[in-house]
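# Tertiary structure, described
Residues per chain are reported as follows:
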Amino acid sequence: MSYDVVVIGTGPGGYVAAIKAAQLGLKVAVVEKRKTFGGTCLNIGCIPSKALLHASEVFAEAGHSFDALGVEVSPKLNLTKMLAHKDATVKANVNGVEFLFKKNKIDTFIGTGKVVGAGKVSVTGDDGSVQELETKNIIIATGSDVAGIPGVDVKFDEKTVVSSTGALDFDKVPGHLVVVGGGVIGLELGSVWARLGAKVTVVEFLDKVLGSMDGEVSRQFQRMLEKQGIEFKLSAKVTGVEKQKKGVKVTFEPVKGGDKETIDADAVLVATGRRPYTDGLGLEAAGVALDERGRVATNDHWQTNVPGIYAIGDVVKGPMLAHKAEDEGVAVAEIIAGQAGHVNFDVIPSVVYTQPEVASVGKTEEELKAAGIEYKVGKFPFTANGRARAMQHTDGFVKILADKATDRVLGAHILGYNAGEMIHELAVLMEFGGSSEDLGRTCHAHPTMSEAVREAALATFAKPIHI
Ligand SMILES: Cc1cc2nc3c(=O)[nH]c(=O)nc-3n(C[C@H](O)[C@H](O)[C@H](O)COP(=O)(O)OP(=O)(O)OC[C@H]3O[C@@H](n4cnc5c(N)ncnc54)[C@H](O)[C@@H]3O)c2cc1C
């Protein structure tokens with residue numbers, strides 16, 4: 001069979017590229033080595049983690065916050081049922097992708113895809129059978145895999161020493177969970193198990209959580225998580241993870257040098273980041289170049305150095321986020337179809353789905369300072385927002401950064417309940433090159449938490465009303 005496009009990998013990058021290419025009239029096939037479609041995101045990433053985050057949040061709220069609203073309950077955890085909710089959510093989503101492939105007449109091949117050369121992909125099934133597909137274009141969308149701890153031999157058993165995959169499936173709440181890495185995945189999954197009753201200690205190499213996030217947001221967010229009982233060991237380097245007869249011993253020391261500390265925990269979650277996944281793809285033999293960090297090297301049009309071979313998503317440069325992969329999927333399909341595909345990397349929102357949520361788009365204060373750009377800051381706290389008070393979700397604030405001379409919004413950061421939904425009005429504003437005055441003069445429904453976004457915009461170019 002001969003195709004216009006063969007996509008290797010069906011995560012958010014691959015499946016969106018395949019659907020868009022089919023919508024544009026191209027003959028498309030996908031190759032996936034998992035038994036189900038949807039990649040890391042739908043099977044073991046975004047979707048299952050959000051199912052557990054939501055369920056554990058409701059459980060924690062029922063235990064701690066309902067009483068103040070006049071709702072008296074004594075919640076009891078049924079972990080088996082909670083995990084079943086997560087599994088059912090995953091199933092519905094991966095089946096949805098399968099349905100979309102059928103609807104768009106996309107051929108599907110289950111097996112390991114290998115780039116034999118420009119125009120040729122081989123698919124090796126579990127039984128060793130090999131099929132060859134001919135195609136005008138290949139899109140590599142093989143995503144990423146768990147990274148270990150530099151210099152430490154971590155033996156994942158996904159029960160006691162777990163990656164994010166095992167941390168989605170503990171069959172009982174660990175008494176003490178050590179999380180190595182205070183990034184998004186570590187804090188989200190750490191929050192899940194803390195809410196369900198685990199003592200959680202986060203060991204982080206940097207002196208702040210959430211690495212590249214705005215410093216002020218990161219500090220306040222850490223304090224809020226501490227209030228929820230999560231313990232932090234910052235500027236600390238993990239030097240050993242040893243499985244014991246029962247549990248695991250985690251050893252760490254200050255990054256700057258000093259005495260070692262050990263924690264005997266019930267489980268450890270290693271969440272130190274992810275690496276681009278190119279294993280078994282045959283890229284070297286096919287002459288496809290990687291960059292200095294092992295990612296498939298691409299130009300601004302997602303073309304590799306071999307004509308007709310493209311790459312998108314976690315396996316190429318840029319933030320490892322599902323929506324970034326999706327947008328690249330659309331753009332590369334458009335380019336292959338002869339259109340002008342484009343992604344604006346300056347406006348890619350990022351969200352941490354904890355409680356409160358952290359959402360940001362564009363530049364941080366640290367980045368603006370480093371670039372020597374003069375900016376003004378407008379802030380508004382949720383304590384002064386009526387809807388937030390009514391819902392008892394007053395933690396956090398909105399912060400808008402705008403160019404001092406032109407008032408154009410350059411970055412926005414929201415720490416608060418539902419921040420991940422509110423950030424998008426700022427993303428749209430920034431996509432259109434809007435100013436804080438544009439936003440501040442836009443009528444917002446009352447009472448909504450989004451009014452705090454408007455007030456922060458008012459605080460940027462003039463004065464907020466409600467504080
Ligand atoms: C726990 C967790 C939570 C996350 N939460 C979020 C979130 O809330 N929001 C967000 O934006 N991002 C989140 N992410 C990141 C997100 O999952 C990734 O950015 C996204 O999945 C990348 O999409 P992709 O299409 O590039 O690759 P992937 O989703 O990794 O898909 C790649 C696919 O390619 C397949 N594959 C690999 N090699 C081959 C081969 N040779 N042949 C055939 N198939 C192959 C793999 O089996 C996989 O199915 C999370 C990640 C994790 C681990």
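Note that the structure is predicted; figures quoted are calculated from it, not measured. (Residues numbered from 1 in each chain as written. Predicted model: local features only at pLDDT ≥ 70, side-chain atom pairs only at ≥ 80, totals over all residues. Heavy atoms only, no water.)

## Let's talk about the pattern of salt bridges
- Enumeration over the complete set of coordinates arrives at 27 salt bridges.
- Between Lys50 and Glu188 there is a salt bridge whose closest N-O contact spans 2.8 Å. Here Lys50, found in helix α3 (residues 46-64), pairs with Glu188, found in helix α6 (residues 184-195); they are 138 residues apart in sequence, far enough to count as distant.
- Since its relative accessible area comes to 25%, Lys50 is described here as partly exposed.
- Across the pair Glu365 and Lys399 runs a salt bridge, and its minimum N-O distance is 2.6 Å. Placement of the pair is Glu365 in helix α10 (residues 365-370) and Lys399 in strand β21 (residues 397-403), with a sequence separation of 34 residues.
- Residue classification places Lys399 among the buried positions, given a relative accessible area of 0%.
- Residues joined by salt bridges that share partners form a network here, namely Asp214, Glu216, Glu365, Lys369, Lys379 and Lys399. (Salt bridge = Lys/Arg side-chain N within 4 Å of Asp/Glu carboxyl O. Helix = DSSP H or I, 4+ residues; strand = E, 2+ residues; numbered from the N terminus. Buried < 20%, exposed > 50% of the residue type's maximum accessible area, 1.4 Å probe, protein only.)

## A look at the UniProt feature "active site" (unreviewed entry) in the protein chain
- Feature annotation in UniProt places "active site" (unreviewed entry) on His446, given in this structure's numbering.
- Counting through the fold element by element, His446 comes out in the loop between α13 (436-440) and α14 (450-461).
- Engagement of the side chain of His446 in a polar contact is seen with the side chain of Glu451, the distance being 2.8 Å. (UniProt positions renumbered as here; feature names shortened; annotations may be inferred. Polar contact = N/O pair within 3.5 Å; in protein donor to acceptor, adjacent residues only side chain to side chain.)

## As for the sheet that holds strand β11 (residues 231-233)
- Judged by pairing direction, the sheet is parallel, and its five strands sit side by side in the order β8-β15-β9-β10-β11 without closing on themselves. Two strands in the sheet have a free side with no partner beyond their single neighbour: β8 (161-162) and β11.
- Relative to strand β15 (residues 267-270), β8 runs parallel, the two sharing two bridges. Within β15, the position partnered with Val162 by the bridge is Leu269.
- Relative to the sheet, α6 contacts β9 (176-180), β10 (199-203), β11 and β15, its axis offset from that of β10 by approximately 165 degrees. (Pairing = 2+ DSSP bridges. Contact = heavy atoms within 4.5 Å. Axes fitted to C-alpha atoms, helices over the stretch in contact; angles between N-to-C directions.)

## A few points about the site of the ligand
- As a structural note, the neighbourhood of the ligand is formed by 39 residues, with Glu32, Thr40, Lys50, Gly113 and Ala322 the closest of them.
- Here an oxygen atom of the ligand sits 2.7 Å away from a polar atom, N or O, in the side chain of Glu32.
- Residue Cys41 places a main-chain N or O atom 3.4 Å away from an oxygen atom belonging to the ligand.
- Isolated, the ligand exposes 1,000 Å² of accessible area, and the fraction of that covered by the protein chains is 95%. (Near = heavy atom within 4 Å. Areas by Shrake-Rupley, 256 points an atom, 1.4 Å probe, with all protein chains shown as cover.)

## Regarding the packing of aromatic side chains
- In the structure shown here, the tally under the stated rule is three aromatic pairs.
- Ring geometry for Tyr3 and Phe109: centres 6.4 Å apart, planes at 85 degrees, overall edge-to-face. Of this pair, Tyr3 sits in strand β1 (residues 2-8) while Phe109 sits in strand β3 (residues 107-110); the two residues are 106 residues apart in sequence, bridging distant segments of the chain. Both residues of the pair, Tyr3 and Phe109, count as buried.
- Seen in terms of ring centroids, Phe37 and Phe101 are 5.0 Å apart; in terms of plane orientation they differ by 80 degrees. Their pairing is edge-to-face. With a gap of 64 residues between them, Phe37 in the loop between β2 (28-32) and α2 (39-44) and Phe101 in helix α4 (residues 79-103) connect regions that are remote in the sequence.
- In this structure Phe37 comes out as buried when scored by relative accessible area, which is 7%.
- Overall, Phe101 belongs to the buried group, its relative accessible area being 1%.
- A cation sits over an aromatic face here: Lys379 above Phe397, 5.9 Å from the ring centre. (Phe/Tyr/Trp six-rings, centres within 6.5 Å; stacked < 30°, edge-to-face > 60°. Lys NZ or Arg CZ within 6 Å of the ring centre and 35° of its normal.)

## Here's the deal with the UniProt feature "domain: Pyridine nucleotide-disulphide oxidoreductase dimerisation" (unreviewed entry) in the protein chain
- As annotated in UniProt, the feature "domain: Pyridine nucleotide-disulphide oxidoreductase dimerisation" (unreviewed entry) corresponds to residues 348-457 in the numbering used here.
- Helix makes up 34% of residues 348-457 and strand 28%, and the two end C-alpha atoms of the span are 20 Å apart.

## Digging into the packing of α3 against α4
- Closest axis-to-axis distance for the α3/α4 pair is 9 Å, and the angle between their directions is 145 degrees. Our pair here, α3 against α4, has a crossing hand that is right-handed. Residue-level inspection shows Ile47, Pro48, Ala51, Leu52, Ala55, Ser56 and Phe59 of α3 in contact with α4, the latter providing Met82, Leu83, His85, Lys86, Thr89, Val90 and Asn93.
- The residue inventory of the contact of α3 with α4, partitioned by class, reads nine nonpolar, four polar and one charged. (Left-handed = near helix turned anticlockwise from the far one by under 90°. Nonpolar A, V, L, I, M, F, W, Y, C, P; charged D, E, K, R; others polar.)

## What about the sheet that holds strand β22 (residues 409-416)?
- Taken together, the five strands give an open sheet; going across it, the order is β18-β19-β22-β21-β20, and neighbouring strands pair in antiparallel fashion. The outermost strands of the open sheet, each flanked by one partner alone, are β18 (350-352) and β20 (375-381). Ignoring which end each strand starts from, the neighbouring axes of this sheet average 10 degrees apart.
- Of the pairings in the sheet, the one linking β20 to β21 comprises seven bridges and is antiparallel in character. Bridge assignment links Val377 to a residue of β21, and that residue is Leu401.
- Of the strands in this sheet, β18, β19 (357-362), β20, β21 and β22 touch helix α7 (residues 215-227), which is tilted by about 5 degrees from β22.
- Across the sheet, α14 is in contact with β20, β21 and β22; its angle to β20 comes to roughly 145 degrees.

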